[in-house]
2 protein chains.
Amino acid sequence: MNYIQTFEAMVAHLSAGGCRRRIAVTCGYDESTLQAVGRALAGGFAHVLFVGDAERVRNHAALTPFAEHIEYIIPESDEPAAAAAAAVRLVREGKADILMKGLISTDVLLRAVLNKEAGLLPPGSVLTHLAVAQVPGRGKLLFFTDSAVIPYPTPEQRAAQVGYAIRMCRAFGLEEPRVALIHCSEHVSEKFPHTLTYAELARRAQAGEWGRAIVDGPLDVRTSIDPVALRTKGIDSPIEGCADVLVFPDIEAGNTFYKTVTYLTGSDVAGVLCGTTCPVILPSRGDSAADKYYSLAFAAVGCSAE
Amino acid sequence: MNYIQTFEAMVAHLSAGGCRRRIAVTCGYDESTLQAVGRALAGGFAHVLFVGDAERVRNHAALTPFAEHIEYIIPESDEPAAAAAAAVRLVREGKADILMKGLISTDVLLRAVLNKEAGLLPPGSVLTHLAVAQVPGRGKLLFFTDSAVIPYPTPEQRAAQVGYAIRMCRAFGLEEPRVALIHCSEHVSEKFPHTLTYAELARRAQAGEWGRAIVDGPLDVRTSIDPVALRTKGIDSPIEGCADVLVFPDIEAGNTFYKTVTYLTGSDVAGVLCGTTCPVILPSRGDSAADKYYSLAFAAVGCSAE
């Protein structure tokens, strides 16, 4: 496959593939979810399983042209928890490939996803968030983790984040993803405990744990993605200022990047939860229809990640 | 005074004030430092005390038009530490208002600044970094702390950061600075220890500790500066999405903001060290002449901060 470098190419790749991923949309009553789902249906990469009150959406103009690719699943009760459980059950029964949150509280949906007996997180699996930004003026996509879920990752959680990101990059056609372990300082030092674990992750990558991939750090956000800054600072890194993935030390740094890049650079951003048996889309309040649409496409590409 | 909303207005304010601040430039042999100093001399707000080898700079084209506002201070030896000590001594003796690093290692200069007997940090004072960004398309300047010095601020260090930032805002003519305490979540929770201390800082601000000022948090980067996002998320904050200052929870978040905003938004950024008896400018490797020039101007405005 070709290497996908833009959101437009991501969508074109999915449309050309001709594979409709089955999306369990939980209480997707709000306008931005309906618009996003409508675009995914039009793009030819979605088959929609609406879980909730069908009457609230059945005649929506964004959906009516695609009736043959939409099913309506009625939960056992009107309670949001019942819709969440029904959507999760679709995934567990192999009837849905992607889970998406609509007008339902994040807590209620996550409780169903994380349910030990009937949820979507295998024992020992690490639940984390992976996002991708299309930054105006940059030639390629920039993946980053974790801006939303794990507050302070342990070394093993960070290793899982690296693994998920690399697998996703491969689904985007990158043969040798470059993963920068972000830190304010490029020096390994006891003063900054994260940096000690970074060296170990770089060693594991070199030993082949994630196949062909470059993992290096500590590097700051700028020296990760700006070859000129890397040279000016005299830093020697195999990432060469061309990172595909930024792995943030904690949620504060990750969330700062996410909010800064969306608001101050006008970047489009898509995100999914990883670690679950299928990609889960958990939009924030205030995400636009475009954000949700790109997240759907991101999750659909993620379905092909080994 | 008028409220300074751009770097251009900052420089115009200094030029109009007609006060030349005395700047101890330590080993300022590099081209970007010389260009920055030359612009500050031309702007009429600098009197330069060159500490180091005068012969390396005396005939530089950026300086020759301003000979009457330049003095050359020869340290006791050629060692960088001697230049650092001589520059610090100028400040201690009341002969310099601002200290600036040139082509000398940060460690050597900081060692002189932090020297317990002969340095510039009063006992009990908190050394921290304060920066200001001019983000393209935004109508006012955005101050932020700390992206460079304190790794993980204690509550008292954070209170000092808030105080320094508010004083600097007043020197920029803001009557009621709005200070956002940054966090990934807007909820106060034991899961995130920073948020517990934020509520206490907001109380202290309300009690008048820093005069007229609004301090609120936790808020994320976006809801701090985007009124639309604040409303969409249904958050009630007296900052109203119009923060003048972002106080980051730790250096990882602060540094991520700094690097993202300089590289991906094309913002101009100026920065100084606070807590010392005079503003200290400690440029990073790779800072441009413009970065250093704006930092000089920022420090010069900071000299008026009560």
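Summary of the structure given here. (Residues numbered from 1 in each chain as written. Chains lettered and ligands numbered in written order. Predicted model: local features only at pLDDT ≥ 70, side-chain atom pairs only at ≥ 80, totals over all residues. Heavy atoms only, no water.)

Section: helix α10 (residues 289-302) of chain A
One full turn of an α-helix is made of 3.6 residues, so residues set three or four places apart face in the same direction. Residues and elements named next belong to chain A. For α10, with 14 residues, the first-to-last C-alpha span of 20 Å sits near the 20 Å given by 1.5 Å per residue. Taken across its 14 residues, α10 has 12 buried, putting it largely inside the fold. All buried positions along α10 are accounted for by D291, K292, Y293, Y294, S295, L296, A297, F298, A299, A300, V301 and G302. (Helix = DSSP H or I, 4+ residues; strand = E, 2+ residues; numbered from the N terminus. Expected span 1.5 Å × (residues − 1). Buried < 20%, exposed > 50% of the residue type's maximum accessible area, 1.4 Å probe, protein only.)

Observations regarding the side chain of D97 of chain B
Mapped onto the secondary structure, D97 of chain B falls in the loop between α3 (80-92) and β4 (98-101). Under the relative-accessibility criterion, D97 of chain B is labelled buried at 17%.

Details of the environment of A160 of chain A
Residue and element names in this part refer to chain A. Summarising the element assignment, A160 is placed in helix α5 (residues 155-171). A relative accessible area of 17% means that A160 is categorised as buried. Between the C-alpha atom of A160 and that of V188, which follows or precedes it by 28 residues, the distance is 21 Å.

Topic: the packing of helix α9 (residues 251-264) of chain A against helix α9 (residues 251-264) of chain B
As a packed pair, α9 of chain A and α9 of chain B sit with axes 8 Å apart at the nearest point and diverge in direction by 25 degrees. With respect to their mutual orientation, α9 of chain A and α9 of chain B come out roughly parallel. Considering the relative orientation of α9 of chain A and α9 of chain B, their crossing is right-handed. For the pair α9 of chain A and α9 of chain B, the contacting residues are E252, A253, T256, F257, T260, V261 and L264 of chain A in the first and E252, A253, T256, F257, T260, V261 and L264 of chain B in the second. Residues of the contact of α9 of chain A with α9 of chain B, tallied by class, amount to 8 nonpolar, 4 polar and 2 charged. (Axes fitted to C-alpha atoms, helices over the stretch in contact; angles between N-to-C directions. Parallel < 35°, antiparallel > 145°, perpendicular 65-115°, else oblique. Left-handed = near helix turned anticlockwise from the far one by under 90°. Contact = heavy atoms within 4.5 Å. Nonpolar A, V, L, I, M, F, W, Y, C, P; charged D, E, K, R; others polar.)

Section: the pairing of strand β5 (residues 128-134) of chain A
Consecutive residues of a regular strand have side chains that alternate between opposite faces of the sheet. Residue and element names in this part refer to chain A. Here β5 lies mainly inside the structure; 7 of its 7 residues are buried. Where burial is concerned, the two faces of β5 agree: the one with T128, L130, V132 and Q134 and the one with H129, A131 and A133 are both buried. The sheet contact formed by β5 and strand β10 (residues 268-274) spans 7 bridges and is antiparallel. Its bridge partner lying in β10, L130 is registered against V272. (Pairing = 2+ DSSP bridges.)

A short note on the packing of aromatic side chains
Each aromatic ring pair is characterised by the separation of its centres together with the angle its planes make. In total, this model carries 22 aromatic pairs over all chains according to the counting rule given. When the ring of F144 of chain A is compared with that of F257 of chain A, the centres are 4.9 Å apart and the planes differ by 75 degrees; the resulting orientation is edge-to-face. Here F257 of chain A lies in helix α9 and F144 of chain A lies in strand β6 (residues 142-145), a separation of 113 residues in the sequence. Just as F144 of chain A is buried, F257 of chain A falls in that class too. Here Y152 of chain A and F192 of chain B contribute two aromatic rings whose centre-to-centre distance is 6.5 Å and whose plane-to-plane angle is 70 degrees, an arrangement assigned as edge-to-face. (Phe/Tyr/Trp six-rings, centres within 6.5 Å; stacked < 30°, edge-to-face > 60°.)

Structural notes on the relation of the copies chain A and chain B
Two copies of a chain can be linked by a rotation about an axis combined with a shift along that same axis. Once chain A is rotated about the relating axis by 180 degrees and shifted along it by 0.0 Å, it coincides with chain B to within an RMSD of 0.0 Å. Taken together, these values place the two copies in the relation of a two-fold axis. Among all C-alpha atoms of chain A, that of A253 of chain A lies closest to the rotation axis, at 2.0 Å. (Least-squares fit on C-alpha atoms with pLDDT ≥ 70 in both.)

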